Amino acid sequence: CAADVVKSRALNVDSTKRVIDRLVEWQIKPIFASTESVFDGVSGNYVESDTPNPILIYGQQKLEIEEYLQDYCQHFTIVRLAKVFGSQRGDSTLFTSWLDAIARSEIIHCAYDQVFSPIHVEDVVESISRLIDLDCDGVYHIANTGAYSRIQLLYTLLDQLREISSVEVKVVPCSIHDFDLTEKRPLDVSMTPGKLIKSTGIQIKSIEEAVG
């Protein structure tokens, strides 16, 4: 988004607002997928009532749509997604990307200071389905119940692998700011899913269950 602000805004903001306007015209309640990146990462363990303060262009664009929905729609559902991961090899998500790197015997540089609450894609689908079925309005965090650093997650994966085979991996701990990124990343965007769990009764997979 930061690499081409004009193009990303046209897609993430302008086009989305037109879709929302049409949905309202047709009396269809919008369901909008937002992001953990609406937060600045200073405190972590964010709840829905915490004030957003995005430092990423992507987060700023998502927040603008959140505010548009809140200002112009009587009924809406906003789901703020934590980092979503899958378990299918080749899906290029968090754990499978590490598995691919391990298979290639690559050195893995992993951040110790970036924290989030990653959520399995199956839990995302189930959460949104339940929110729709129950006709839940408002903002909901779809996230894991725990907060983890990237390197904690990598070591969790390695522990699981070592239970079934001998795995030798070179891990280099580093700061997220050591990577050549277009924008400085927020450090702790962990969110709590208590409102989601209370409203839908969903049981979110633990990291160990999802990785296993």
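So, here is what we can say about the structure in this document. (Residues numbered from 1 in each chain as written. Predicted model: local features only at pLDDT ≥ 70, side-chain atom pairs only at ≥ 80, totals over all residues. Heavy atoms only, no water.)

With that out of the way, let us pick up the overall build of the chain. Secondary structure assignment for the chain yields seven helices and nine strands. Relative to a compact globule of 212 residues, whose C-alpha radius of gyration would be 17 Å, the chain shows 18 Å and is just as compact. Dimensions of the chain along its principal axes, counting C-alpha atoms only, are 60 × 40 × 30 Å. Looking at the chain residue by residue over its 212 residues, the buried ones come to 47%. Considering only contacts in the chain between residues 6 or more positions apart, those separated by 24 or more positions represent 79%. Here the chain has roughly 11,200 Å² of accessible surface; of this, 49% comes from carbon and sulfur atoms. Within the chain, one finds 20 positive and 31 negative side-chain charges whose respective centroids are separated by 3 Å. (Helix = DSSP H or I, 4+ residues; strand = E, 2+ residues; numbered from the N terminus. Rg over C-alpha atoms; globule rule 2.2 N^0.38 Å. Buried < 20%, exposed > 50% of the residue type's maximum accessible area, 1.4 Å probe, protein only. Contact = heavy atoms within 4.5 Å. Areas by Shrake-Rupley, 256 points an atom, 1.4 Å probe, with all protein chains shown as cover. Lys, Arg positive; Asp, Glu negative; His and termini not counted. Charge placed at Lys NZ, Arg CZ, Asp CG, Glu CD.)

The next point concerns helix α5 (residues 150–162). The first and last C-alpha atoms of α5 sit 19 Å apart over 13 residues, in line with the 18 Å expected at 1.5 Å per residue. Turning to α5, its buried residues are Ile-151, Leu-153, Leu-154, Thr-156, Leu-157, Leu-158 and Leu-161. Where α5 is buried, its residues meet α3 (94–103), β4 (108–111), β5 (115–116), β8 (148–149), β9 (171–174) and α7 (207–211). (Expected span 1.5 Å × (residues − 1).)

A few words now on a nonpolar patch on the surface. Side chains of Val-84, Val-121 and Val-125 sit close together on the surface and give an oily, nonpolar patch of about 210 Å² of accessible area. Looking at where Val-84 falls in the secondary structure, it is placed in strand β3 (residues 84–85). The class for Val-84 is partly exposed, based on a relative accessible area of 31%. (Patch = residues over 30% accessible without salt bridge, like charges linked within 9 Å, V, L, I, M, F, W, Y side chains within 5 Å. Salt bridge = Lys/Arg side-chain N within 4 Å of Asp/Glu carboxyl O.)

This part is about the sheet that holds strand β7 (residues 138–142). On the basis of which strands lie adjacent, the open sheet formed by three strands has the order β1-β2-β7 and parallel pairing. The outermost strands of the open sheet, each flanked by one partner alone, are β1 (31–35) and β7. Going from strand to strand, the sheet's axes swing by 25 degrees on average, the running direction of each strand aside. Pairing between strand β2 (residues 77–81) and β7: five bridges, direction parallel. Bridged to Ile-78 within β7 is Val-139. Each of β1, β2 and β7 touches helix α2 (residues 57–72); the most contacted strand, β1, lies at about 145 degrees to it. (Pairing = 2+ DSSP bridges. Axes fitted to C-alpha atoms, helices over the stretch in contact; angles between N-to-C directions.)

Looking now at the packing of α3 against α5. At their nearest, the axes of α3 and α5 sit 11 Å apart, and the two run at 60 degrees to each other. Taken together, the axes of α3 and α5 lie oblique to each other. Considering only the axes of α3 and α5, their crossing is right-handed. Between α3 and α5, the contacting residues are Leu-94, Phe-95, Trp-98, Leu-99 and Ile-102 on the first element and Arg-150, Leu-153, Leu-154, Leu-157, Leu-158 and Leu-161 on the second. Taken together, the residues of the contact of α3 with α5 sort by class into ten nonpolar, no polar and one charged. (Parallel < 35°, antiparallel > 145°, perpendicular 65-115°, else oblique. Left-handed = near helix turned anticlockwise from the far one by under 90°. Nonpolar A, V, L, I, M, F, W, Y, C, P; charged D, E, K, R; others polar.)

What follows is about the packing of helix α1 (residues 5–25) against α2. Where α1 contacts α2, the two axes come as close as 10 Å, and the packing angle between them is 15 degrees. In this view, α1 runs roughly parallel relative to α2, as classed from their interaxial angle. The hand of the α1/α2 crossing is right-handed. Packed against α1, whose contacting residues are Val-5, Ser-8, Arg-9, Asn-12, Val-13, Thr-16, Lys-17, Ile-20 and Asp-21, the element α2 presents Tyr-58, Gln-61, Glu-64, Ile-65, Tyr-68 and Leu-69 at the interface.

This brings us to the nonpolar core. Core analysis: the biggest nonpolar cluster contains 23 residues, and Phe-95, Trp-98, Ile-108, Leu-153 and Leu-158 have the highest contact counts within it. For this core, the element with the highest residue contribution is α5, accounting for six residues. With sequence-adjacent residues up to four places away left out, Leu-153 is seen in contact with Leu-94, Phe-95, Trp-98, Phe-116, Pro-118, Tyr-148 and Ile-207. If you look at the next biggest cluster of nonpolar residues, it comprises 18 residues, including Val-38, Val-124, Leu-131 and Ile-204. (Core = buried A, V, L, I, M, F, W, Y, C linked by side-chain atoms within 4.5 Å.)

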